[in-house]
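Close look at the chain arrangement
Here is how the chains run, residue by residue.
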Amino acid sequence: MIYKQETTNNAFFATPKKEIILEIELNGKIRFDILLYTIYNHYNISYKIVNAHIEYLNGNNFGNVKLLLKITQEEIIKIENYLAQYKLLSSKIDVLQKKEAS
């Protein structure tokens, strides 16, 4: 059996990852656990929940959640497209790295 070779332009260089806080407004169109499952299992992005305020009404999820993600620019675009599919409002904030005094 012949398998397709995956080639990338920068195979020797790791794509730079940065930490962002992604704030998502849940509008009842997708469940919170499905959202987290998709981010982690489908897009292979680990997350930390920074803050969550979620209300469950008749099986629908409303509220907002803030996730800390270590992510590349390409992954950000994929996540934003996924959120746009469900018409979820989102905003991202770059996490500033602390600089040590020298």
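In case you missed it, the structure is sitting above this.
In this text the structure is predicted, and so the values were computed from the model without any measurement.

What follows covers the overall build of the protein chain. Looking only at helices and strands, the protein chain has two helices and four strands in total. Sequence-ordered secondary structure for the protein chain, helices as α and strands as β, is β-α-β-β-α-β. Buried residues in the protein chain amount to 25% of all 102 residues. Counting contacts in the protein chain only where the partners sit at least 6 residues apart, residues at least 24 apart contribute 71% of the total. Surface exposure of the protein chain reaches about 8300 Å², of which carbon and sulfur atoms provide 52%.

Between side chains of opposite charge, pairing is possible as soon as their charged atoms come close. One pass over the structure, following the stated rule, counts one salt bridge. One salt bridge connects Arg31 with Asp33, and the closest N-O pair in it is separated by 2.7 Å. What makes Arg31 partly exposed here is its relative accessible area of 42%. For Asp33, a relative accessible area of 41% puts it in the partly exposed group.

Let us now look at the nonpolar core. If you look at the biggest cluster of nonpolar residues, it comprises 20 residues, and the most contacted ones within it are Ile24, Leu35, Ile79 and Leu83. Among the elements of the structure, β1 (18-27), α1 (32-42), β3 (60-71) and α2 (73-85) are those that each provide at least two residues to this core. Excluding anything up to four places from it in sequence, Ile24 contacts Leu35, Gly63, Asn64, Val65, Leu67, Leu83, Leu88, Leu89 and Ser90.

As a further point, take unusual backbone geometry. Positive phi outside glycine occurs at Asn44, with the angle close to 55 degrees. Tracing the chain through its elements places Asn44 in the loop between α1 and β2 (47-57). Located in the positive-phi region is Asn58, a residue other than glycine, with phi close to 55 degrees.

It is worth spelling out the pairing of β2 at this point. As paired strands, β2 and β3 are joined by 10 bridges and run antiparallel to one another. Residue pairing across strands places Ala52 opposite Val65, the latter belonging to β3. Counting the residues in the hairpin turn of β2 and β3 gives two residues, including Asn58, whose phi is positive at 55 degrees.

This part is about the sheet that holds β1. Strand order in the open sheet formed by four strands is β2-β3-β1-β4, and the pairing between neighbours is antiparallel. At either end of the open sheet lies a strand with only one pairing partner, and these are β2 and β4 (89-94). Sheet twist, expressed as the average angle between the axes of neighbouring strands with direction ignored, equals 10 degrees. Seen against the sheet, α2 touches β1, β3 and β4 and runs at an angle of roughly 0 degrees to β1.

About the thresholds
- Residues numbered from 1 in each chain as written.
- Predicted model: local features only at pLDDT ≥ 70, side-chain atom pairs only at ≥ 80, totals over all residues.
- Heavy atoms only, no water.
- Helix = DSSP H or I, 4+ residues; strand = E, 2+ residues; numbered from the N terminus.
- Buried < 20%, exposed > 50% of the residue type's maximum accessible area, 1.4 Å probe, protein only.
- Contact = heavy atoms within 4.5 Å.
- Areas by Shrake-Rupley, 256 points an atom, 1.4 Å probe, with all protein chains shown as cover.
- Salt bridge = Lys/Arg side-chain N within 4 Å of Asp/Glu carboxyl O.
- Core = buried A, V, L, I, M, F, W, Y, C linked by side-chain atoms within 4.5 Å.
- Pairing = 2+ DSSP bridges.
- Axes fitted to C-alpha atoms, helices over the stretch in contact; angles between N-to-C directions.

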